[in-house]
Amino acid sequence: SSFKDDISTSPQLFTPMSPYDAYLPIQTAEDVLLGSQFNQPKELSTDFSSVDLSFLPDITQDNKEQNPPEDGHEMQKEPDGDGSIPRNEDSGIFMDESSLSYPDGTQPSPEASGVCPPLTPMTPMTPVTPASESSGIVPQLQNIVSTVNLACKLDLKNIALHARNAEYNPKRFAAVIMRIREPRTTALIFSSGKMVCTGAKSEEQSRLAARKYARVVQKLGFPAKFLDFKIQNMVGSCDVRFPIRLEGLVLTHQQFSSYEPELFPGLIYRMVKPRIVLLIFVSGKVVLTGAKERSEIYEAFENIYPILKGFKKAS
Amino acid sequence: MAAPGRCPECGSEALVEDSHYAQQQLVCAACGCVLAEGLLTTTYTDEEHLREVAYSQSTGQREQQSRCLQRGIRRVQDLCKVLQLPTVFEETAVSYFRRALQHPSFHLVSLEKKELLGGCCVFVTCRQHNWPLTMGTICSLLYAKQELFASVYLSLQKELGLCVPALSLADLVNTHLSSFRLFQHASDVPAWFMEDKEKLVARTMQIVELASETWLVTGRHPVPIVTAAAFLSWQSLQPAARLTCTFARFCKLAGVDLPPPAHLRLKELLEILLRMASQLAWLRVFSLDKKTVVKHIGDLLQHRIFLLKNAFCLEDGEEQRDAAPAEGSPGSAPAAEAAARAEGCPSEGKRQREGGPRPLLPPCLINPRKRLRTAAPSASDSAITGDEPISDSEIEEYLRGPEEIRAFRKAKAWV
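Residues numbered from 1 in each chain as written. Chains lettered and ligands numbered in written order. Predicted model: local features only at pLDDT ≥ 70, side-chain atom pairs only at ≥ 80, totals over all residues. Heavy atoms only, no water.

### Let's talk about the overall build of chain A
Consideration 1: Counting its secondary structure elements, chain A contains eight helices and 10 strands.
Consideration 2: When contacts within chain A are restricted to residue pairs at least 6 apart in sequence, those whose partners lie at least 24 apart make up 65%.
Consideration 3: With an accessible surface of roughly 14100 Å², chain A has 57% of that area assigned to carbon and sulfur atoms. (Helix = DSSP H or I, 4+ residues; strand = E, 2+ residues; numbered from the N terminus. Contact = heavy atoms within 4.5 Å. Areas by Shrake-Rupley, 256 points an atom, 1.4 Å probe, with all protein chains shown as cover.)

### So, the environment of B:Tyr398
Consideration 1: Among the secondary structure elements, B:Tyr398 is positioned in the loop between α21 (392–396) and α22 (402–414).
Consideration 2: Note on B:Tyr398: relative accessible area 4%, which makes it buried. (Buried < 20%, exposed > 50% of the residue type's maximum accessible area, 1.4 Å probe, protein only.)

### Some points on the sheet that holds strand β1 (residues 140–149) of chain A
Residue and element names in this part refer to chain A.
Consideration 1: The 10 strands are arranged β2-β3-β4-β5-β1-β6-β10-β9-β8-β7 in an open sheet whose pairing can be described as antiparallel. Both edges of this open sheet fall to β2 (166–167) and β7 (257–259), since each of them pairs with a single strand only.
Consideration 2: Direction of pairing for strand β6 (residues 227–239) relative to strand β10 (residues 285–291): antiparallel, over a ladder of six bridges. By the bridge assignment for β10, Val235 is matched with Thr289. (Pairing = 2+ DSSP bridges.)

### Quick look at a positive patch on the surface
Consideration 1: On the surface, a cluster of positive charge is made up of A:Lys230, A:Arg270, A:Arg275, A:Lys292 and B:Lys158.
Consideration 2: Of note, A:Arg270 is situated in strand β8 (residues 267–271). (Patch = residues over 30% accessible without salt bridge, like charges linked within 9 Å, V, L, I, M, F, W, Y side chains within 5 Å. Salt bridge = Lys/Arg side-chain N within 4 Å of Asp/Glu carboxyl O. Lys, Arg positive; Asp, Glu negative; His and termini not counted. Charge placed at Lys NZ, Arg CZ, Asp CG, Glu CD.)

### Topic: the confidence of the model for chain A
Consideration 1: Across chain A, the average pLDDT comes to 72, with 57% of residues at or above 70.
Consideration 2: Low pLDDT, under 50, characterises residues 1–48 of chain A; the stretch is placed with 94 contacts to residues that sit more than four places away or in other chains. (pLDDT = per-residue confidence, 0-100.)

### Things to note about helix α14 (residues 261–277) of chain B
Consideration 1: For α14(B), with 17 residues, the first-to-last C-alpha span of 24 Å sits near the 24 Å given by 1.5 Å per residue.
Consideration 2: Burial within α14(B) is extensive, with 13 of its 17 residues counted as buried. (Expected span 1.5 Å × (residues − 1).)

### Some words on the pattern of salt bridges
Consideration 1: Evaluated as defined, the whole model comprises 20 salt bridges over all chains.
Consideration 2: Between B:Glu396 and A:Lys219 there is a salt bridge, with the nearest N and O atoms lying 3.9 Å from each other. Taken together, the residues B:Glu396 in helix α21 and A:Lys219 in helix α6 (residues 203–219) connect one chain to another.
Consideration 3: A:Lys285 is paired through a salt bridge with A:Asp239; the nearest N and O atoms lie 3.9 Å apart.

Put into C-alpha cells, the structure is as follows:
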C-alpha cells in the first residue's frame, strides 16, 4: 500500500503501523482509571443542541454518537497485535467505542458502541431545559480553535514546496498556513510539530480537519502523530431579536460590562460563571467566546437572556 | 525651626550660627555647646520664605523610584495641568499609574505604551469623576494611535479591575460646544453666525436626548452625534439666515473638526424629525423636506413625547418581532413581516412617507446590510464524528506532483 511505502521511505524511525488514524490522547492514569463514562458526558453534551434524547439508556446508539476515546495510549500498540481490526488503508481505525467499559482498551472493535453507560446519575451536565423556561434560542457555533501535537520536527520549506494548499512566508510568520476544503478550515503548522486548526463549526469537524492536516503532513514524509488534541476556544453567536439599551445594561451590570462606544459599538460582558466573554450589540445579536466546551456557551446564553430581556421592556 | 534663645547648658544668650565645615551649627559662644546642627526641615533656603517643600524633594524618595516611573508620573501631571483638571484628579491618576506600572503585564511594555498608560490613567480618572473627556482628545494630546490607546486602555481596565462609568452625554455636549467658535465675535466670523451659548447648548441637549431615545446613540461614537445636533440646533435658531450654510462650512467656521460619521447622523436625525413632523397637525399641510423641517425643530422638540409616540409604533414593533421565527437572517425577517402587516406601515425606514408609523428600532435593524448568511449546520454536518476514515485520494489532492514541484521551483527562482 502506498501508505506504507511512504512511511518506509522516511528517514525517521517510528512504528510502521502509524497509529495516526487512531486517536491517541495522552491520558493521565487517573482519567483511565475513572473510566470513560465520566469523560463521556463532555462530548455527549454536544448532542444537546438538537434536543436529542438518545442519551437515555436503553436507546441504542450507533457509531456516530461515539466520540473520541478516553482510553490510554496502550491503544497505540493494538493495531500491531490485534488482527481483528479491518486493515484498510482507507479506513480510520475506530479504536474508541470499546473504551467505554474497558478502560485499558483491549477491544478495539468499531461495533462495540452498544455499551452505553448510564449518564444521568453520573455527572452533572447542562440540562436541556423545557422551552417554557429557557429562551428557546440556541446559539450557533461559528468557530472552533483547536491544537494538536504532531510530535515531530517539521521542515516547513519542504512542506510548502510539496503541498498545494500551503503558504509559507518566514519573514511574515514562522509557520505554514495550510487550508483544506472539507471541513473548510485553516491550519497553522509550526516547525516544532505543533499545529493550530481554526474555522471549523463543530468539535468533531475540528478534529476531523486536524486529522486531515496531520495526514497531509504524514504523506509528505514526516512521522506525524496525533497527540494532545484539545479544543482551545469556541465561538458562538445568536440573536435575541429585540434591540438592547447598552447604556442601561452597563449601568446595572457595571462590574461585568465594558461599553465604550468610542472604541467598539458592542458591550463587552465578562461573565464569571461560566467564564465566557459576550459581545452584546444594540441590534440584539450576541457573540459568545472563550468557551472550552459547548455547554459553556449554552449556559452563558441562558444566563444572559433574562438580563437582556429586562432591557427590552424599558425601551 | 525656632532656635532656642538660651543655651541649655550654661544659660547664656550668646548664640552664634556658625558653620562647622559645610554644616550649619547653632553654638553657644560661652560654653561651646552645640545646640543645633543643620536646619531641622530641609537644606533649601526656600524654607525661610515659607514655601512648602514637597516630601519627594526633601527626602531620598525620588531616588528610590525608577527613572521610568518618574518620567511617567511627570507626564501624567503635565497632562492634568494641560487639561486643567482639579488637583485631586492628578493624585488619583498618579496612584493608578503607579499601580499599573507595578503590574507584571505593564512592567516591561514599550516606552510608547507606558506613555499611553499615563494617558489612560488620566482618562480613567476623568471618567470616574464624570469629567467628559473623550479618548479622541487624549489621543491627540499624546499623539497616539487610537487602536494602541484602545488596547492599552482595555488591558488597564482589566488588570486593575477598574469600574469606569459610561460617558455622560450631557456633560459631553457642554464641553464639546465650548470648543465651538460661535459665541464670541471674531474678525473672520460673520454676525449671523454668532449664537447665544446657553440657547444653543439647551437645544443641542434636547436634540441629543431625542437621538438617544430613537436609538441613534447606542453603539455609536458620541462626538459626531453632538456635532450634528449642534449644527441642527444652530440652524433652527435662525433658519432664515442659516439654512443655506452647509454642515462642512459650519464646522469650518466654528473651528471644529467634522468627523465623517456626522453626515450620516445628520441624515438620521432629519429622518426622525420628518417623521415627527408628519404627526404635527399644523405641519401636515406643508410637504416638508429635510431643509424645511429645520424651521420647525423648536415646535417638534416641544412636543416630542407626543410626537414620538405617534410617529413610531413601539409596542407593535416589538410584538411582531417576538412572533418572528427565531432562525435565518434576523434583519430581513422582521422587516418582511412589517411589510406584510396591514395599515401601510412602511417596511423600511428608507421610504419617508407620512403614512403609518414605523417601528422604533436602531438603524442597523431598519436598514440591515446584506450579509452573507451562514447556513445552519446541515444534517450531514452534524453527523460528523471526527473519526471518519480519510481517503488517500482526498489527501493526495493537496500534494504536488513531481512535474509541478519542478515548475514551482523554477518559478520561485525567478521571484
